[in-house]
Structures are given as structure tokens and as C-alpha cells.
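Observations on the three-dimensional arrangement
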Amino acid sequence: MKSNNKFMDFFDEKKGIWIKIYKWAVIVVFFLLILTTFVMAIVVAAQDPNTTDGLTGVGGFFSVLLSGALSTFFWLVVNMLLINALNNLQEIKVSNAQMRHLMFQKSEEEKVEVEVMETSEQ
């Protein structure tokens, strides 16, 4: 059901623009997570080893950097696979609609053909 309200049309969840917006949001968040991981690694490395428990210095830096980078990369892979699945579903939906339209046209042509044959027999 199409609405004449342009404001509500923008929020139509069936439009392909939402997949693009989601993809850009994933990319932006990925770079923010990488930046945050790097800043956290620097903060951990700069801590005084006498006042904290756990890794500090170079060991802490690489530990936080590696764990953050790996988890962020895993997050990116999962979201990109989700975006791929959403794009595939969108393409299936479009091709399904096209196929239905072609089948409808073909059935209409067959009806006309049958009517022509019936009138020619009389």
C-alpha cells in the first residue's frame, strides 16, 4: 500500500536505502572501534606497573590492541555477512516480483490466444 505522505515514505522499511545506511553505519562504527581500541591500548600501556594488576607497558599495549582488533574484525565480518544476506533477500524479492509479472503477462496472452481460437472456430 503506497502512501502519499513523503515523510512516511522515507521511513518505509522495504526501501533499499536502509541497507546502504546500515552498511555505512557498520563502516563508521568499525573505524570508531579501531580508534577506541588503539586509545585504550595506549592508556593501558601508560599505566604505572606498580599500581595496577595485570599487563602494563608494551605487553599491555599489544594485548589490548590484539584482542580489540580481533573482536572488532569479527564484528565487522558478522555485520558484512548480514548485509550480504539482506542484499540477497532484496534481490530475490525483486526478481520474484518480476517473475510474477512475466507469468501474469504470459497467462494474459494465453487467455487472448484461447479467445481468438474460440472465435475462429465459430
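Per chain, residue numbering runs from 1 following the sequence as it is written. With the structure being a predicted model, the display of local features is reserved for residues of pLDDT at least 70 and the display and counting of side-chain atom pairs for 80 or more, all residues being used for whole-chain, interface and lining totals. Think of the side-chain values as coming from all heavy atoms in the structure, minus any hydrogens and water.

**With respect to the overall build of the chain**
Helices and strands together make up the secondary structure of the chain, namely three helices and zero strands. Here a strand is any run of E in DSSP of at least two residues, a helix any run of H or I of at least four, and the numbering for each starts at the N terminus. Helices (α) and strands (β) of the chain occur, in sequence order from the N terminus, as α-α-α. The rule is simple: take the accessible area with a 1.4 Å probe, protein chains only, and divide by the maximum for that residue type; under 20% is buried, over 50% is exposed, in between is partly exposed. The 122 residues of the chain split such that 12% are buried. Throughout, a contact is declared for two residues whenever any of their heavy atoms are within 4.5 Å. Once local pairs closer than 6 in sequence are excluded, the contacts in the chain between residues at least 24 apart make up 64%. Carbon and sulfur atoms make up 68% of the accessible area of the chain, which amounts to about 10,100 Å² in all. Throughout, the Shrake-Rupley method with a 1.4 Å probe supplies accessible areas, and for residues the shown protein chains are the sole cover considered.

**Section: the packing of aromatic side chains**
Centres within 6.5 Å are what make two rings of Phe, Tyr or Trp a pair, Trp counting through its six-membered ring; a difference in plane orientation under 30 degrees is then read as stacked, over 60 as edge-to-face, and the rest as tilted. According to the stated counting rule, one finds four aromatic pairs in the structure shown. Relative to F31, the ring of F30 has its centre 5.2 Å away and its plane inclined at 70 degrees; by these criteria the two rings are edge-to-face. Since its relative accessible area comes to 54%, F31 is described here as exposed. With 5.2 Å between their ring centres and 80 degrees between their planes, F61 and F62 make a pair best called edge-to-face. Joined through ring pairs, the aromatic side chains of F38, F61 and F62 make up one cluster.

**Description of helix α2 (residues 17-46)**
Expected helix span is computed as 1.5 Å times (number of residues minus one). For α2, built from 30 residues, the straight-helix expectation of 44 Å at 1.5 Å per residue is met to within 8% by its first-to-last C-alpha distance of 44 Å. Where α2 is concerned, the buried positions are I19, V26, F30, T37, A41 and V44.

**Here's the deal with the side chain of T72**
Mapping T72 onto the fold places it in helix α3 (residues 57-121). The contact partners of T72, leaving out residues within four places of it in the chain, are F30, L33, I34 and T37.

**Quick look at the nonpolar core**
Counting five residues, the largest nonpolar core is built from I19, V26, F30, L76 and I83. Where this core is concerned, the elements lending two or more residues are α2 and α3. Per element, the largest residue contribution to this core is three residues, and it comes from α2. The contact partners of L76, leaving out residues within four places of it in the chain, are V26 and F30. Only buried residues count toward a nonpolar core, which is a set of Ala, Val, Leu, Ile, Met, Phe, Trp, Tyr and Cys residues joined through side-chain atoms within 4.5 Å.

**Quick word on a nonpolar patch on the surface**
A surface patch of nonpolar side chains, amounting to about 440 Å² of accessible area, comprises V28, L32, L35, V39 and V43. On the secondary structure map, L32 appears in helix α2. What goes into a patch is any residue over 30% in relative accessible area without a salt bridge, connected to like charges within 9 Å or, for nonpolar side chains (Val, Leu, Ile, Met, Phe, Trp, Tyr), within 5 Å. Whenever Lys or Arg places a side-chain nitrogen within 4 Å of a carboxyl oxygen from Asp or Glu, that contact is recorded as a salt bridge.

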